[in-house]
Structure formats: structure tokens, C-alpha cells
Amino acid sequence: MLAVLGLLGFGLLRKGSSALELGSAVPTGKLPALEGGGSGSVADYRGRWVLVNFWASWCPPCRQESPALQRFQKAHGGPGFTVLGIDTRDLSGDGISFDREFGLTYPQLRDGDGDAAHDYGTTGVPESFLVDPAGKLRLARHGPVTEQYLSDFVAPLVSGGGNG
């Protein structure tokens, strides 16, 4: 029991020590696309606002937030903004089924081993990170996003209220 608690504590310390700070550059490593081949990176969206959303198919709060993220993408997506989903620590088939179930139209990448999630300093899923057009972290949300959060905090920035 003590060994398990020790490993858990080490893992939490390891994750917490790599947390991104507001204003810092976000990681830009390549990840495979969730479906259809190819790869992608946050760097591919330089010059645009990007809401990076780490999720997993086995996560109930991820299921709760997905419709709000899809509606936000539909309302705000375009040349200046996109949601970028990253399915982490999940099986590819389960992630693809989740994506199809919710009809997600924004790009999806796969972080099977959780390395990208670790680079962002996540402590679980879902977590979302708003990246400005210069590639700097502007907002971090630990836990599910809601319509209210997206409306109050994300929309004013991506709609021209803050240029990075």
C-alpha cells in the first residue's frame, strides 16, 4: 500500500513540476492523427487561436463537455480559431468511436502513451488549453469546459478581444 501511495505521489509531483505557465510557449511535438493517417501539431495552427482539449473515451466528464466543444467549434471555427482534440491514454478504436458518436468536426490527434499530456502538465482528463496565435498559453482549464466557460472566457479572446 505504501509503495502504491509513493508511486502515486511521485507521479503527481512529476506532473505538477511540468505544468505550463500562462504566457509560456506550448509544446509543439507531432502526434499521429486519430483517424485517417498523417500527423499534426499545435504548431500547424500558428497564427490562429487553438483550444487544445485533452480527452479520453473512458472519461465521463469528457462525454459531458464534447457537445459544448462541438457547438463552440461550429460557432467560432474558421481561419482564426479551431478546437484541437487530443485523445490521450486511450485505445485508438475507442477514441474513433467517441469522435464519431459526438460528430466532432474539429481535428483530432492521438496521444496514446500520454507524453503530450505530460508535456502540458495535465493531471487528468479533460483539460483544455487556449493557445494564442503566437503559440503562447493564454488560458488553462483543469476539468470539463462548459458553455458558460467558453462564452465567458474563450469567446472574448478568439473573437478579437485579445490578439496574443
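Whatever comes next refers back to the structure up there.
Below is a summary of the structure that appears in this document. (Residues numbered from 1 in each chain as written. Predicted model: local features only at pLDDT ≥ 70, side-chain atom pairs only at ≥ 80, totals over all residues. Heavy atoms only, no water.)

A word on unusual backbone geometry
Of note, the amide linkage connecting V125 to P126 takes the cis form, showing an omega dihedral of -5 degrees. Tracing the backbone shows P126 in the loop between α4 (115–120) and β6 (127–131). Unusually for a residue other than glycine, R89 sits at a positive phi of about 50 degrees. Topologically, R89 is positioned in the loop between β4 (81–88) and α3 (92–101). (Helix = DSSP H or I, 4+ residues; strand = E, 2+ residues; numbered from the N terminus.)

A look at the side chain of Q70
Along the chain, Q70 turns up in helix α2 (residues 60–76). Ignoring sequence-local partners within four residues, the contact set of Q70 consists of G103, L104, T105 and Y106. (Contact = heavy atoms within 4.5 Å.)

Observations concerning the sheet that holds strand β3 (residues 49–55)
Taken in spatial order, the five strands line up as β5-β4-β3-β6-β7 in an open sheet, and their pairing is mixed. The open sheet has two edge strands with one neighbour each: β5 (108–111) and β7 (137–142). This sheet shows a mean twist of 20 degrees between the axes of neighbouring strands, independent of strand direction. Here β3 pairs with β4 via seven bridges, running parallel. Note on β4: the bridge partner recorded for N53 is G85. Its contacts with the sheet put α2 on β3 and β4, and the angle it makes with β4 is roughly 155 degrees. (Pairing = 2+ DSSP bridges. Axes fitted to C-alpha atoms, helices over the stretch in contact; angles between N-to-C directions.)

Considerations on the pairing of β5
Relative to β5, β4 is paired through four bridges, and the arrangement is parallel. Looking at β5, one finds that D87 is bridged to R110. In this region the chain leaves β4, passes through α3 and returns to the parallel neighbour β5; the handedness of that crossover is right-handed. (Right-handed = clockwise from strand over helix to strand, strands pointing away.)

Let's talk about the pattern of salt bridges
Following the criterion strictly, the structure yields five salt bridges and no others. The partner of E101 in a salt bridge is R63, and the shortest N-O contact between them spans 2.4 Å. On the criterion of sequence distance, the pair formed by E101 in helix α3 and R63 in helix α2 is long-range, its members being 38 residues apart. In this structure, E147 and R71 form a salt bridge, with 2.4 Å as the shortest nitrogen-oxygen distance. Of this pair, E147 sits in helix α5 (residues 147–161) while R71 sits in helix α2, placing them 76 residues apart in sequence. Here R71 falls in the partly exposed class, since its relative accessible area comes to 47%. (Salt bridge = Lys/Arg side-chain N within 4 Å of Asp/Glu carboxyl O. Buried < 20%, exposed > 50% of the residue type's maximum accessible area, 1.4 Å probe, protein only.)

Some words on α2
Taking 1.5 Å per residue as the helical rise, α2 with its 17 residues ought to reach 24 Å, and the 25 Å between its terminal C-alpha atoms agrees with that figure. Bending of α2 peaks at approximately 35 degrees at the position of S66, with proline P67 no more than four residues after it. (Expected span 1.5 Å × (residues − 1). Bend = angle between axes of the 7 residues up to and from the residue.)

Some details on the packing of aromatic side chains
Applying the stated criterion across every chain yields a total of seven aromatic pairs. Ring geometry for F54 against F129: centres 6.0 Å apart, planes inclined by 85 degrees, an arrangement best described as edge-to-face. Of this pair, F54 sits in strand β3 while F129 sits in strand β6, placing them 75 residues apart in sequence. F54 sits in the buried class, given a relative accessible area of 0%. The class for F129 is buried, based on a relative accessible area of 2%. Here the aromatic residues F54, Y120 and F129 are joined through ring pairs into a cluster of three or more. One residue, R141, lies across the ring of Y149, its end atom 4.5 Å from the ring centre. (Phe/Tyr/Trp six-rings, centres within 6.5 Å; stacked < 30°, edge-to-face > 60°. Lys NZ or Arg CZ within 6 Å of the ring centre and 35° of its normal.)

Function-wise, these values are silent; they only describe arrangement.
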